[in-house]
Amino acid sequence: MNETFLKACRREPVDHTPIWLMRQAGRYMKEYLDLKEKYDFITMATTPDIAVEVTMQPINKIGVDAAILFADILLPLEGMGIGFSFDKNHGPKIHNPVRTKAQVDAIKIIDPEEDVGYVMEAIKILRKELEGRVPLIGFSGAPFTLASYIIEGGSSRNYVHAKTMMYQEPEMWNLLMDKVADVVIVYLNAQIEAGAQAVQLFDSWVGALSPRDYVTYVQPHSKKVFDNLKGDVPKIHFGTNTSTWLNLIKEAGGDVIGVDWRIDIGEAWKSIGYDVAVQGNLDPTVLLGPKSVIEKNVKEILASVDNRPGHIFNLGHGIIPELSVDNVKALVDMVHEFSQR
Ligand code: CP3
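This one's a predicted model, so the numbers in the text were calculated from it and none came from an experiment. (Residues numbered from 1 in each chain as written. Predicted model: local features only at pLDDT ≥ 70, side-chain atom pairs only at ≥ 80, totals over all residues. Heavy atoms only, no water.)

A.B. asks: Would you mind going over the packing of aromatic side chains with me for this structure?
C.D. replies: Each aromatic ring pair is described using two quantities: the centre-to-centre distance and the angle formed by the ring planes. The tally for this structure, following the rule as stated, stands at 11 aromatic pairs. With 5.8 Å between their ring centres and 65° between their planes, tyrosine 32 and phenylalanine 70 make a pair best called edge-to-face. With tyrosine 32 in helix H2 (residues 30–38) and phenylalanine 70 in the loop between strand E1 (67–68) and helix H5 (77–80), the pair connects residues that are 38 residues apart, well separated along the chain. With 6.3 Å between their ring centres and 55° between their planes, phenylalanine 144 and tryptophan 173 make a pair best called tilted. Within this pair, whereas phenylalanine 144 is found in helix H8 (residues 143–152), its partner tryptophan 173 is found in helix H10 (residues 170–194), the two being separated by 29 residues in sequence. (Phe/Tyr/Trp six-rings, centres within 6.5 Å; stacked < 30°, edge-to-face > 60°. Helix = DSSP H or I, 4+ residues; strand = E, 2+ residues; numbered from the N terminus.)

A.B. asks: Teacher, can you tell me more about the side chain of threonine 242 here?
C.D. replies: Checked against the element boundaries, threonine 242 lands in the loop between strand E6 (235–239) and helix H12 (246–252). Dropping the residues within four chain positions of it, threonine 242 is found in contact with Val206, Gly207, Ile249 and Asp260. (Contact = heavy atoms within 4.5 Å.)

A.B. asks: It is not clear to me how unusual backbone geometry should be interpreted in this structure. Could you clarify?
C.D. replies: A negative phi angle is the norm for most residues apart from glycine, just as the trans form is the norm for most peptide bonds. The peptide bond linking glycine 280 to asparagine 281 adopts the cis configuration, its omega dihedral lying at -10°. Within the secondary structure, asparagine 281 sits in strand E8 (residues 277–282). In this structure, arginine 11 takes a positive phi of about 60° despite not being glycine. Structurally, the position occupied by arginine 11 is in the loop between helix H1 (4–9) and H2. Even without being glycine, asparagine 241 reaches a positive phi, approximately 60°. Following the sequence through the fold, asparagine 241 ends up in the loop between E6 and H12.

A.B. asks: Teacher, can you tell me more about the site of the ligand here?
C.D. replies: In the region of the ligand, 23 residues are neighbours, and Arg27, Tyr32, Lys36, Ser204 and His317 sit closest. Between tyrosine 32 and the ligand, the recorded distance is 2.5 Å, taken from a side-chain N or O atom to an oxygen atom. Note that a nitrogen atom of the ligand is positioned 2.7 Å from one of the side-chain N or O atoms of aspartate 72. In isolation the ligand exposes 870 Å². Once the protein is present, 89% of that is buried. When its residues are assigned to classes, the shell around the ligand shows 15 nonpolar, four polar and four charged. (Near = heavy atom within 4 Å. Polar contact = N/O pair within 3.5 Å; in protein donor to acceptor, adjacent residues only side chain to side chain. Areas by Shrake-Rupley, 256 points an atom, 1.4 Å probe, with all protein chains shown as cover. Nonpolar A, V, L, I, M, F, W, Y, C, P; charged D, E, K, R; others polar.)

In short, geometric facts, not functional conclusions.
In structure tokens:
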């Protein structure tokens, strides 16, 4: 088994820097689009055999050092009593955004086996399929990012409804965040129990907050999640637009801190301390460029962390559909080649 990813999470020396890519399965890949001709996204994510097939596509095609379960951060919402769908081209849509105390009270803590059993089933199948190859990463949305969808009703620019609740009804906000944190805890623990060998908490939109508001309204809830995860599997804590307060992300928890491309990764690592591993941080759009530009960026990122044990190569955020498989594969090969110890 290729254990470089798990070793790097534990900050152990490796013979090459491991790489995996957020959204490594998806629309940039023909095999994914072929399946999408037949099934909609929710069907793909909630049918174990299809989710397994999609998870395996980038393992077979581009040679990454870890698999990430094909699912979505919004899947637990159904079991919380919050209906949603994915509109073609408009992203996620929550049917009745949560804005009142009565709605917050009505939110249920999921029963993972009952409500998202298909995720655990996919994990179990994947562990068998992956045996001897690469480790499997499970994941969940973080309390703030999930709450932002639950309250806004979809993607948002200014988080007007979420922040209105946060500032005007802090008790209601904290109750909602506490419930979401409880859901994240049981969901991730069920994934770990089912066989996930590492987990990533996606706080993709938390950079919309000031560091002060993060500490006041969000950090205690994210910390509660990390404090209650079981097992000795590595935990990755990822956010974007957080480069100026990565120390606060680290304080909340995680063995590996995700870094986006808005900061030099070596500088980021130095600022938060070498007692955690780091993951990142190529700007995904660099993969639009010619190979020479990709190569230059890969070399600079590798030079910036200087072979220090505990770097996992990744993008600063997910792959976008416009990228070519050829360039993505070239990136993986370059990281392997240029980081040979
Ligand atoms: O990384 C992987 O390969 C695993 C699969 C994965 C998906 N979503 C598949 C997906 C993961 C880890 C996610 C997490 C996720 N989902 C996040 C956090 C990560 C991030 O990107 O910040 C967020 C914010 C979501 C919510 C979400 N799901 C949005 C906003 C959208 C629509 C936007 C878009 O890209 O279409 C989705 C849909 C989604 N999730 C797709 C995929 C492959 C596209 C669905 C399709 O095929 O049309």
